[in-house]
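# Report on the structure
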Amino acid sequence: MVIVFWALTPLQASHMGTGVVSISEEHEIISRSRLEPVANQVDSLTSQFLHDGYATGWLNQSYPPFMMADSAFLPFYLQENPTKSDPPTNWTATTTQLSTELKCWPAISQRRVVNQKKTLEYYFHDGRSCNTTASMVISDKAKMFYFGYSTNPYSEYCLGGDDCPRTKDALHTFLAIWARNVKGETIEDPTFNVTSIFCQPSYYKQDVMVTVDASAFRPDKTTVQPISERKPLSEDEFNSTAFEHVLANGMPEEITRQWDYPESLVVDQHPRLWDFNLQMPSSNMVGYALAGRNPSSDEYADPDLLQEVFSNAHRYLFSLAVNRLLINETDYPNRTAVYTYPMRGIIVSREISAALEGILGLVAILTVLMIWFSAKSTSNLRANPSSVSRIADIFQDSSRFVDLFCSVDNADEKSLFKATHDERFRLIWNEFRQSPEMVIDSESTAPGSNRSTVDLQQGYYQPIRPFALRNMSAFLFVICVAATIGGLSYLKWAEVNYHGNKVMLEAVYSVRANAPFRFDQAISGF
């Protein structure tokens with residue numbers, strides 16, 4: 001009993017509680033996306049994704065579905081949102097992650113002579129076979145450059161030329177420069193603080209398992225689990241040359257179709273760069289690299305920070321470009337996804353339940369041992385002496401005792417005291433019957449006595465059946481039980497159909513929003 005009261009009972013009240021749990025089930029994928037053929041990517045890689053980059057980088061617009069700042073995931077869609085819960089469902093499935101990285105190294109720079117226009121030229125060499133020249137203008141403002149390989153009328157500088165032959169490596173290389181003239185130097189012999197790096201982007205693909213929010217289709221980066229090794233994304237899958245040309249120049253190299261008006265415009269980011277104290281005009285990629293960052297331009301003299309800002313710009317613009325290259329895929333092997341949704345209910349603590357089960361097992365073992373020891377112990381008791389059945393066995397052989405109390409069967413407490421206050425009761429052992437017997441040591445109850453029993457009936461009451469034992473009570477009890485069963489059955493049905501969430505009244509009283517209203521029909525009944 002000590003174990004039951006002090007261990008089992010408190011734990012029973014604490015092993016269950018209410019809360020929200022996550023339920024995971026499988027669901028069918030009805031649509032996946034892939035990159036369109038390389039031959040068609042030139043038409044899709046226009047300045048549209050640069051407009052998206054401006055909205056994302058400068059205006060904090062959300063990324064498109066399945067796109068992130070550092071990578072892109074090929075989208076997948078389920079047949080329907082399996083739940084109508086709030087918060088929404090999460091989808092988990094295998095897909096392909098696309099990403100890009102920059103490999104950068106310091107440029108070898110060399111100063112040239114000063115001319116009469118207060119300009120100074122610097123040579124920059126990548127240590128391989130590419131060499132280019134940039135002019136520095138004396139100013140109290142810093143200057144940032146982004147040299148892509150190819151050029152067009154919208155850009156000021158490029159790497160391509162006689163000093164940088166068109167090789168496979170050079171075609172995908174760019175030069176980033178930060179420069180500021182040192183104060184106190186004379187105009188005839190100015191000195192510039194120059195930071196320059198050559199960078200070459202690489203593109204990768206990898207099969208991963210990822211979880212996305214089903215409402216905004218936003219991937220959860222912490223849930224990404226690699227399934228295969230990361231592989232290079234080849235030129236046969238992604239036209240990196242066209243992509244890098246748009247990054248460097250703001251416009252594609254060729255016009256292959258009729259453009260919409262926004263596609264014919266270069267994104268002007270100069271108003272956003274006034275606070276950075278930079279010389280204008282600036283390269284197209286400089287604005288995307290500085291979007292949302294600290295306006296202090298002198299910080300970018302650090303080559304690591306210079307690499308970081310351009311690396312981040314390449315990543316998020318790559319994600320936005322991938323979003324413009326997606327088409328539906330009809331033939332795909334993996335058609336299964338796992339959706340997870342919240343359900344409200346009673347939560348059982350497995351640890352406390354295990355402790356309760358252990359305590360119940362201990363109580364059961366101790367009970368069995370107690371019964372075994374009791375059965376093995378020597379005892380002359382044939383039954384429990386304090387039970388009602390044992391008292392009945394004693395009194396059934398005491399005829400005088402039974403006669404006495406039968407005469408006061410319906411007496412109240414006062415009449416019962418009046419009838420028995422002179423009596424003396426004694427329990428003896430009847431050797432003849434071999435059983436205990438109750439005897440009365442009194443003359444008032446001896447046989448043949450003239451004891452009157454008229455007054456003993458003063459406490460007699462008309463028998464009344466309690467309300468709890470009437471037919472009406474039983475009928476009401478059955479109705480209550482039936483109503484309870486019906487209510488619980490409905491709640492279970494609602495739980496299964498609404499996945500444990502609130503039943504929206506508008507779903508019950510909804511009307512067709514697209515049903516036309518005609519006045520002649522409304523008044524036709526009058």
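Overview of the structure.

### Remarks on the overall build of the protein
- A count of helical and extended segments in the protein gives 14 helices and 17 strands.
- Counting over 526 residues, the protein shows a buried share of 36%.
- Long-range pairs, those at least 24 residues apart, make up 71% of the contacts in the protein between residues at least 6 apart in sequence.
- Carbon and sulfur atoms make up 56% of the accessible area of the protein, which amounts to about 32400 Å² in all.

### A look at a nonpolar patch on the surface
- Together, Leu362, Ile365, Leu366, Leu369, Trp372 and Phe373 give the surface a local cluster of nonpolar side chains, amounting to about 590 Å² of exposed area.
- Turning to its location among the elements, leucine 362 is positioned in helix H8 (residues 350-376).

### With respect to the side chain of threonine 100
- In this structure, threonine 100 sits in strand S4 (residues 90-106).
- Judged by relative accessible area, which is 3%, threonine 100 ranks as buried.
- Among the polar contacts listed, one links the side chain of threonine 100 to the backbone oxygen of serine 202, at a separation of 3.0 Å.

### Examining unusual backbone geometry
- Each neighbour pair has its own omega, and for methionine 280 with proline 281 the value is 0°, a cis peptide bond.
- Within the secondary structure, proline 281 sits in the loop between helix H5 (240-249) and helix H6 (284-290).
- Within the chain, phenylalanine 66 stands out as a residue other than glycine whose phi angle is a positive 70°.
- By the secondary structure assignment, phenylalanine 66 is in the loop between helix H3 (48-57) and strand S2 (72-73).
- A residue is classified by how much of its surface remains accessible, and phenylalanine 66, at 0% relative accessible area, is buried.
- Positive phi outside glycine occurs at asparagine 277, with the angle close to 55°.
- Residue position: asparagine 277 is located in the loop between H5 and H6.

### What to know about the state of the cysteines
- Per the stated rule, a full pass over the model turns up two disulfides.
- At a sulfur-sulfur separation of 2.0 Å, the disulfide partner of cysteine 104 is cysteine 199. Here the S-S torsion is close to 110°, and the disulfide linking cysteine 104 with cysteine 199 is therefore right-handed. Residue cysteine 104 is located in strand S4, and its partner cysteine 199 is located in strand S10 (residues 192-213); the two are separated by 95 residues in the primary sequence.
- For cysteine 104, a relative accessible area of 18% gives the class buried.
- The disulfide partner of cysteine 130 is cysteine 164, and the S-S distance across this bridge is 1.9 Å. Residues cysteine 130 and cysteine 164 are joined through a disulfide that is left-handed, its torsion about the S-S bond being -105°. With cysteine 130 in the loop between strand S6 (119-125) and strand S7 (131-137) and cysteine 164 in the loop between strand S8 (143-147) and helix H4 (168-171), this residue pair connects regions lying 34 residues apart in the sequence.

### Observations regarding the pattern of salt bridges
- Per the stated rule, a full pass over the model turns up seven salt bridges.
- A salt bridge links lysine 221 to aspartate 70; its shortest N-O distance comes to 2.8 Å. Note that lysine 221 is positioned in the loop between strand S11 (218-219) and strand S12 (225-226) and aspartate 70 in the loop between H3 and S2, a separation of 151 residues in sequence.
- For glutamate 357, the salt bridge goes to arginine 350, with nearest N and O atoms at 3.9 Å.
- Here glutamate 357 falls in the partly exposed class, since its relative accessible area comes to 49%.

### What to know about the environment of aspartate 220
- Among the secondary structure elements, aspartate 220 is positioned in the loop between S11 and S12.
- A C-alpha to C-alpha distance of 10.0 Å links aspartate 220 and threonine 92, two positions 128 residues apart in sequence.
- The contacts of aspartate 220, once residues within four sequence positions are left out, are Val210 and Thr211.

### A closer look at the packing of aromatic side chains
- Following the criterion strictly, the structure yields 24 aromatic pairs and no others.
- Note on phenylalanine 174 and phenylalanine 310: the rings are 6.3 Å apart at their centroids and 50° apart in plane angle, and the pair reads as tilted. Taken together, the residues span a long stretch of sequence, with phenylalanine 174 in strand S9 (residues 174-181) and phenylalanine 310 in helix H7 (residues 303-323) at a distance of 136 residues.
- For phenylalanine 174, a relative accessible area of 2% corresponds to the buried category.
- Three or more aromatic residues joined by ring pairs form one cluster here, namely Phe49, Tyr203, Phe238, Phe243 and Phe318.
- Cation over ring: arginine 128 sits above tryptophan 105, and NZ or CZ is 4.3 Å from the ring centre.
- Of note, arginine 230 hangs over the ring of tyrosine 204, and the distance from its end group to the ring centre comes to 3.9 Å.

### A closer look at the pairing of strand S1 (residues 16-35)
- Note that S1 and strand S15 (residues 336-348) share 13 bridges and pair antiparallel. Of the residues in S15, the one forming a bridge with serine 22 is proline 342.
- Looking at chain direction, S1 and strand S3 (residues 76-78) are connected through three bridges and run antiparallel. Opposite serine 31, over in S3, you have tyrosine 77 as the bridge partner.
- Here four bridges tie S1 to strand S14 (residues 326-329), and the two strands are oriented antiparallel to one another. Its bridge partner lying in S14, serine 33 is registered against asparagine 328.

### Digging into the environment of lysine 205
- Within the element layout of this structure, lysine 205 appears in strand S10.
- Given a relative accessible area of 26%, lysine 205 falls into the partly exposed group.
- Linking lysine 205 and threonine 100, residues 105 residues apart in sequence, is a C-alpha distance of 8.9 Å.
- When sequence neighbours within four positions are dropped, the list of residues in contact with lysine 205 reads Thr96, Gln97, Leu98, Glu229, Arg230, Lys231, Pro232, Leu233 and Glu237.
- Polar side-chain contacts of lysine 205 include one of 2.6 Å to the side chain of glutamate 237.

What counts and what doesn't
For every chain, the first residue of its written sequence is number 1, and the numbers climb from 1 along that sequence. Where local features are concerned, this predicted model is filtered to residues with pLDDT of at least 70; where side-chain atom pairs are given and counted, the filter is 80 or more; whole-chain, interface and lining totals use all residues. The side-chain values count all of the structure's non-hydrogen atoms but skip hydrogen atoms and water molecules. A run of DSSP states H or I qualifies as a helix once it reaches four residues; a run of E qualifies as a strand once it reaches two. Both are numbered from the N-terminal end. Here's how the labels work: a residue is buried when its accessible area is under 20% of the maximum for its type, exposed when over 50%, partly exposed in between, all with a 1.4 Å probe on protein chains only. In what follows, a contact means two residues having at least one pair of non-hydrogen atoms within 4.5 Å. Methods summary: accessible areas were calculated by the Shrake-Rupley approach with a probe of 1.4 Å, and residue burial reflects only the protein chains presented. Here a patch means residues that are over 30% exposed by relative accessible area and free of salt bridges, tied together within 9 Å if like-charged and within 5 Å if nonpolar (Val, Leu, Ile, Met, Phe, Trp, Tyr). What makes a salt bridge here is a side-chain nitrogen of Lys or Arg within 4 Å of a carboxyl oxygen of Asp or Glu, nothing more. Whenever a nitrogen or oxygen atom comes within 3.5 Å of another N or O atom, the pair is scored as a polar contact, on the condition that within protein one atom can donate a hydrogen and the other can accept it, and that pairs from neighbouring residues in sequence are kept only if both atoms are in side chains. Put simply, a disulfide is two cysteine sulfurs that come within 2.5 Å. Only centres within 6.5 Å qualify two rings of Phe, Tyr or Trp (six-membered ring in Trp) as a pair; their planes then separate them into stacked at under 30 degrees, edge-to-face at over 60, and tilted for everything else. The rule for a charge over a ring is simple: NZ of Lys or CZ of Arg within 6 Å of the ring centre, and within 35 degrees of the ring normal. Here the rule is simple: two strands pair whenever DSSP picks up at least two bridges between them.

As far as function goes, none of this settles anything; it's purely spatial.
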